[in-house]
Amino acid sequence: MEEVDVEPAVTNIPAAGRGKHLGFAWGPGDILVYETHLKPKEAKGPGSPFIHEVQKDEDIYSPILRKLFNESHHIFVGLQTIRDDLPSKNKKPQFVSVSKNYRSVIRACMEELQQVAVSSQDSQKASQYENQVSILLAIELIWNLCEVLFIDAAPAGSLLLHLLDWVRLHKTDDDVKMRDVLQSESPAAHHSYWDVVVSYVLQGRLEETRQMLVKQANLQPAAKKMYRLMDTLLSKMPFYNPSGNQTLTEFDVKWRHWHEEIDRCLQDNSFASNQHLETICKILSGDVDTILEHKNLLSSWYHFLVTRLLYLHPTVKPTELHFYAQTSLSMFLETSVTEPLDSILLAAFEFDIHQVIKDCSIALSNWWFVAHLTDLLDHCNLLTSHNLHFGSNLREFLLLEYASGLFTHHSLWQLAVDYFDHCPEFGRVYLELQIERVPLDTERKALKVLRICEQRQMSEQVRSICKIMAMRALRNNRLGSALSWSIRAKDAAFATLISERFLQDYCTKGTFSDLDLIDNLGPAMLLSDRLTFLGKYREFHKLYGEKRFADAAKLLLSLMTAKIAPRSFWMTLLTDALPLLEQKEVIFSANQTYELMYCLEELTSSLNKTVPSPDQPMQDDEIEVTKVELLRLALARNLAMAIVKEGTVEA
């Protein structure tokens, strides 16, 4: 078995004393931990009566981060619709747009978390929100770099422009300082003035630098010539324009001429009398020692890297980045110990995509980032060479893990379905296993789950859900709902059982419940014989109610002669025939009457053979005997009337 890269984090279980014996139960996403009755010798102190829930991913329970999951789900689904057969040059702008959409969602959540952290009265909650903000900041930083290096794949020249935008986007404290300086009574005399100016130079924001230097020049008329020279140098610095007609070679020649002019100014001591302007000139010349003297304004080694490239190697190629990144890291950090974020960014600069994904998987608490980034990189055909040894590719593995985590949440499980749908190898298997674990708390939720299963032809799960809901409805004596679910499940045995309950209720109360359902069974009544009988028996009552006595009589007789009606219900049917037999007009023909008599005799002969139960009261026997006698009398009278009527017609 492969060894883990890092030691797993230790989770402390509160109220679990030292030496106590703990038991646990695995859930779909969480673990329940409890203290058992076993008492080891070294155990001390009283036992704990609590059950502790250890959550694998607590981020899904954050209302704000839930928006991140919802919004990114829409972007993910949209990404899957980009056609594979499109040329790469047509797809690249779409992929960059998708990447920016993901980042905008991250930023929106980050801003909302910052607002909540500031307004929160609970210090513990505020600390939790700030921690989430710092994680999202790191995620957005990594994603943006991956967008520049892998998705947009900027070439030499354009690459540095993208890296400058990357640094500027993630270093916003300079703008806050600038506002403080400009809003003061005398900006040029403000204590942070030169910090802001140098920060702008380090970020390559030379237009802002020139605007700030004008304020200082106005205060020092004697040094105006020196400030004008600096302004000229700053305005002359060439920046590569990828959309222009200038080639990279032409830009490089122009940049070298400008750089030589900077070096001449330093050799001539043009700024020797002004320490601040000389510092700016040294930074423009790419003096690494001077740049490192302003570590506090750089804040990070990757900011130092971009500044170093800007003033020394503006035409850096993607393949050369790893060298400059490694040396910048070692020059900037005083210790050899690096943070996880440093390792991830370094792996990105080395174009080691799989190491980036691996390190992020270890460092982050959930699978959201690695799943979505890997999916996007896979669409860019950057992961085709990397398959896992147990079958599924890296993209599918991470999507399956992320979606499985979503399934533990009471509402986010619906998003997970689409992620499983887009995992061609194991997605359906995972969905079948996970959907069976969704608690069917309400009928509305059950219908949602059922619709998902029906859309994907998951017949086994459809039957299982319908059976669960039918059984629940039956326990609550909601026969109509139970019958509806059993029909949907196509469960003949259960439909028969519920039909029996309907008939028992009718025998007890004399009326049917849920008439709308029974009246509209349609072809569903053919699911079982008992259900067919229930539907037809209800049809008999409707015909009788509409005074269509001949049709009602014919249907009643067919239920008995075709053996559709259960034998136990024959007496009820014969009793229902009594009002028809007592009509002034003859309803049953002679042949039909003979068939009714035959059914009655067959029923009475079978009743005589059964041994009476000692629990059955004598009164019930007397009622049955009275019914039989009344039926025989009515049948004999009807037979006589039918023979007379039929004989008269024949004559």
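Before reading on, note that the structure itself is shown above.
Cut-off values and rules
- Residues numbered from 1 in each chain as written.
- Predicted model: local features only at pLDDT ≥ 70, side-chain atom pairs only at ≥ 80, totals over all residues.
- Heavy atoms only, no water.
- Helix = DSSP H or I, 4+ residues; strand = E, 2+ residues; numbered from the N terminus.
- Buried < 20%, exposed > 50% of the residue type's maximum accessible area, 1.4 Å probe, protein only.
- Contact = heavy atoms within 4.5 Å.
- Patch = residues over 30% accessible without salt bridge, like charges linked within 9 Å, V, L, I, M, F, W, Y side chains within 5 Å.
- Areas by Shrake-Rupley, 256 points an atom, 1.4 Å probe, with all protein chains shown as cover.
- Salt bridge = Lys/Arg side-chain N within 4 Å of Asp/Glu carboxyl O.
- Core = buried A, V, L, I, M, F, W, Y, C linked by side-chain atoms within 4.5 Å.
- Phe/Tyr/Trp six-rings, centres within 6.5 Å; stacked < 30°, edge-to-face > 60°.
- 1 Å grid on protein atoms, 1.4 Å probe; cavity = no way out; pocket = protein on both sides within 12 Å on 5 of 7 lines; lining within 4 Å.
- Points joined across faces, edges and corners; volume = space filled by probe spheres on them.
- Axes fitted to C-alpha atoms, helices over the stretch in contact; angles between N-to-C directions.
- Parallel < 35°, antiparallel > 145°, perpendicular 65-115°, else oblique.
- Left-handed = near helix turned anticlockwise from the far one by under 90°.
- Nonpolar A, V, L, I, M, F, W, Y, C, P; charged D, E, K, R; others polar.
- Expected span 1.5 Å × (residues − 1).
- Polar contact = N/O pair within 3.5 Å; in protein donor to acceptor, adjacent residues only side chain to side chain.
- Disulfide = S-S within 2.5 Å.

## Remarks on the overall build of the protein chain
When its secondary structure is counted, the protein chain shows 30 helices and three strands. Classification of the 651 residues of the protein chain by burial places 44% in the buried group. Put simply, of all contacts in the protein chain between residues at least 6 apart along the chain, 64% involve residues at least 24 apart.

## A look at a nonpolar patch on the surface
Together, Leu-32, Tyr-34 and Ile-51 make up an exposed nonpolar region whose accessible area comes to about 280 Å². Tracing the chain through its elements places Ile-51 in strand β3 (residues 51-55). For Ile-51, a relative accessible area of 59% corresponds to the exposed category.

## Focus on the nonpolar core
Most often, soluble globular proteins have nonpolar side chains that are buried together. In this structure, Leu-163, Trp-166, Leu-213, Trp-301, Phe-349, Trp-368 and Phe-369 are the most contacted members of the largest nonpolar core, which totals 189 residues. When near neighbours in sequence (up to four residues on either side) are disregarded, Phe-369 contacts Ile-139, Ile-142, Trp-143, Cys-360 and Leu-364.

## Let's talk about unusual backbone geometry
Its identity is not glycine, yet Ala-153 carries a phi of approximately 50°, on the positive side. Of note, Ala-153 is situated in the loop between α3 (123-151) and α4 (158-169). Phi at Lys-547 is positive, roughly 65°, even though this residue is not glycine.

## Let's talk about the packing of aromatic side chains
Taken as a whole and judged by the stated rule, the model has 21 aromatic pairs. Measuring from ring centre to ring centre gives 6.5 Å for Tyr-102 and Trp-368, while their planes differ by 85°; the resulting arrangement is edge-to-face. In this pair, Tyr-102 sits in helix α2 (residues 88-119) while Trp-368 sits in helix α17 (residues 368-379), placing the two residues 266 residues apart along the sequence. Residue class for Trp-368 comes out buried when judged on its relative accessible area of 2%.

## Remarks on empty space enclosed by the protein
Evaluated as defined, the whole model comprises two cavities of 30 Å³ or more. Counted as a void, the largest cavity has a volume near 60 Å³. In terms of lining, the largest cavity is formed by Gly-157, Leu-160, Leu-161, Leu-164, Met-237, Pro-238, Phe-239, Tyr-240, Phe-251, Leu-310 and Pro-314. Among the elements that take part in the lining of the largest cavity, α4 stands out by supplying three residues, more than any other.

## Re the pattern of salt bridges
A full pass over the atoms with the stated rule returns 21 salt bridges. Lys-92 serves as the salt-bridge partner of Asp-152, at 4.0 Å between the closest nitrogen and oxygen. One end of the pair, Asp-152, is in the loop between α3 and α4; the other, Lys-92, is in helix α2, with 60 residues separating them in the sequence. In this structure, Glu-546 and Arg-548 form a salt bridge, with 3.2 Å as the shortest nitrogen-oxygen distance.

## Quick word on the environment of Tyr-598
On the secondary structure map, Tyr-598 appears in helix α29 (residues 590-609). Residues Tyr-598 and Thr-561 lie 37 residues apart in sequence; the distance between their C-alpha atoms is 9.7 Å.

## Things to note about the packing of helix α8 (residues 224-236) against helix α9 (residues 248-267)
Where α8 meets α9, the closest approach of the two axes is 10 Å, and the angle between their N-to-C directions is 160°. Relative to α9, the element α8 lies roughly antiparallel. Judged by the sense of rotation from one axis to the other, the crossing of α8 with α9 is left-handed. Across from Leu-229, Leu-233 and Lys-236 in α8, the residues of α9 making contact are Trp-258, Glu-261, Ile-262 and Cys-265. Looking at the contact of α8 with α9 residue by residue, the class counts come to five nonpolar, no polar and two charged.

## Let's talk about α3
For α3, built from 29 residues, the straight-helix expectation of 42 Å at 1.5 Å per residue is met to within 8% by its first-to-last C-alpha distance of 40 Å. Regarding α3, its N-cap is Asp-122, as a side-chain oxygen of that residue lies 3.0 Å from the backbone nitrogen of Gln-124 further along. The first or second residue beyond α3 is Ala-153, which carries a positive phi of 50°.

## Focus on helix α22 (residues 459-475)
Over its 17 residues, α22 runs 24 Å from end to end, which matches the ideal 24 Å to within 8%, given 1.5 Å per residue. Of all the positions in α22, only Gln-461, Val-462, Ile-465, Cys-466, Met-469, Ala-470, Ala-473 and Leu-474 are classed as buried. The positive-phi residue at the C-terminal boundary of α22 is Asn-477, with phi of around 60°.

## Quick look at the packing of helix α15 (residues 340-349) against helix α16 (residues 353-363)
Where α15 meets α16, the axes come as close as 8 Å, and the angle between the chain directions of the two elements is 165°. The orientation of α15 relative to α16 falls into the category roughly antiparallel. Taken as a pair, α15 and α16 cross one another with a handedness that is left-handed. Contact residues: Pro-340, Ser-343, Ile-344, Ala-347 and Ala-348 in α15; Gln-355, Val-356, Asp-359, Cys-360 and Ala-363 in α16. Looking at the contact of α15 with α16 residue by residue, the classes come out as seven nonpolar, two polar and one charged.

## Focus: the state of the cysteines
Under the definition given, this model contains zero disulfides. No disulfide involves Cys-360; its sulfur sits 7.0 Å from the nearest other cysteine sulfur, which is in Cys-146. Exposure remark for Cys-360: the relative accessible area of 1% places this residue in the buried category. Among the cysteines around Cys-453, which has no disulfide bond, Cys-466 carries the closest sulfur, lying 9.1 Å off.

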